[in-house]
Amino acid sequence: SAVISQKPSRDICQRGTSLTIQCQVDSQVTMMFWYRQQPGQSLTLIATANQGSEATYESGFVIDKFPISRPNLTFSTLTVSNMSPEDSSIYLCSVVTGVGTGYTFGSGTRLTVV
Amino acid sequence: QKEVEQNSGPLSVPEGAIASLNCTYSDRGSQSFFWYRQYSGKSPELIMSIYSNGDKEDGRFTAQLNKASQYVSLLIRDSQPSDSATYLCAVNIKSPNAGGTSYGKLTFGQGTILTVHP
């Protein structure tokens, strides 16, 4: 399965600022997924990022708040914009790479907005 | 109705017992099913995937799928304290290719907290 390097692992940010999270995969993948996990909750898909096209956002998530870049088949970024304390969550990227490997997750970014 | 729903927890079992985790899903088009384990402060780790009706065994883990009933379960035999974690059921609806993989988005259940006590 793929190995994903996600950074930063954690950050504490001031409200109103933005944070960009990076995910680097050790192999080329068609689709990358960005999830949010709020405290004590399960994972919620934010958007699907395909190389060369705009990301597809799930209901309740908008590009202005969570812009995504996908410049190539091994890399993606998610920006959390104009942050508020409600954005305090763990953000995870995920990919699927091959037969029977399922979906692999990055190590996550724990974001606290103060 | 939630798209993916897991049996309410938390679940507590003694060491050596069988832990049974259940999950139902609402979309009959769902084709691929996954169980993830998540330790506190860590990212989810895939432990089982299942695509066809019936049972799939891997070591102490058995996944069971019944598409007619829209039900998937995970059995953990000989439970160990190290199995204590949150277990997440995940489903997607995109049909698997000939290799059995699926490339659609995953929808997760709310998770079941399992505690295995010595």
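Worth saying up front: this structure is predicted, and the values here are computed from it rather than measured. (Residues numbered from 1 in each chain as written. Chains lettered and ligands numbered in written order. Predicted model: local features only at pLDDT ≥ 70, side-chain atom pairs only at ≥ 80, totals over all residues. Heavy atoms only, no water.)

Quick look at the overall build of chain B
Helix and strand counts for chain B stand at zero helices and 11 strands. Its helices and strands taken in sequence order, chain B reads β-β-β-β-β-β-β-β-β-β-β from the N to the C terminus. Look at the contacts in chain B between residues 6 or more apart in sequence, and 56% of them connect residues 24 or more apart. Only carbon and sulfur atoms are counted for the fraction: they give 48% of the accessible area of chain B, which is about 5,500 Å². (Helix = DSSP H or I, 4+ residues; strand = E, 2+ residues; numbered from the N terminus. Contact = heavy atoms within 4.5 Å. Areas by Shrake-Rupley, 256 points an atom, 1.4 Å probe, with all protein chains shown as cover.)

A few points about the interface of chain B and chain A
Taken together, the contact between chain B and chain A spans 21 residues of the former and 20 residues of the latter. Both sides of the chain B and chain A interface together cover about 1,600 Å² of buried area, and 58% of this is carbon and sulfur. One can count one salt bridge joining chain B with chain A. Ionic pairing is found between Glu58(A) and Lys105(B), a salt bridge with its closest N-O pair at 2.6 Å. (Buried area = accessible area lost by both parts, 1.4 Å probe. Salt bridge = Lys/Arg side-chain N within 4 Å of Asp/Glu carboxyl O.)

Considering the side chain of Ser43(B)
Its place among the elements puts Ser43(B) in the loop between β4 (32-38) and β5 (45-50). For Ser43(B), a relative accessible area of 18% gives the class buried. From its side chain, Ser43(B) meets the backbone oxygen of Gly106(A) in a polar contact 3.1 Å long. In this structure, Ser43(B) is in contact with Leu92(A), Phe105(A), Gly106(A), Ser107(A), Arg37(B) and Gln38(B), ignoring residues within four places of it in sequence. (Buried < 20%, exposed > 50% of the residue type's maximum accessible area, 1.4 Å probe, protein only. Polar contact = N/O pair within 3.5 Å; in protein donor to acceptor, adjacent residues only side chain to side chain.)

A word on the side chain of Thr104(A)
All names here are of chain A. By the element assignment, threonine 104 lies in strand β10 (residues 103-105). With relative accessibility at 15%, the residue threonine 104 sits in the buried group. Leave out the neighbours within four places in its chain, and threonine 104 touches Ser1, Ala2, Ile4, Cys93, Ser94 and Val95.

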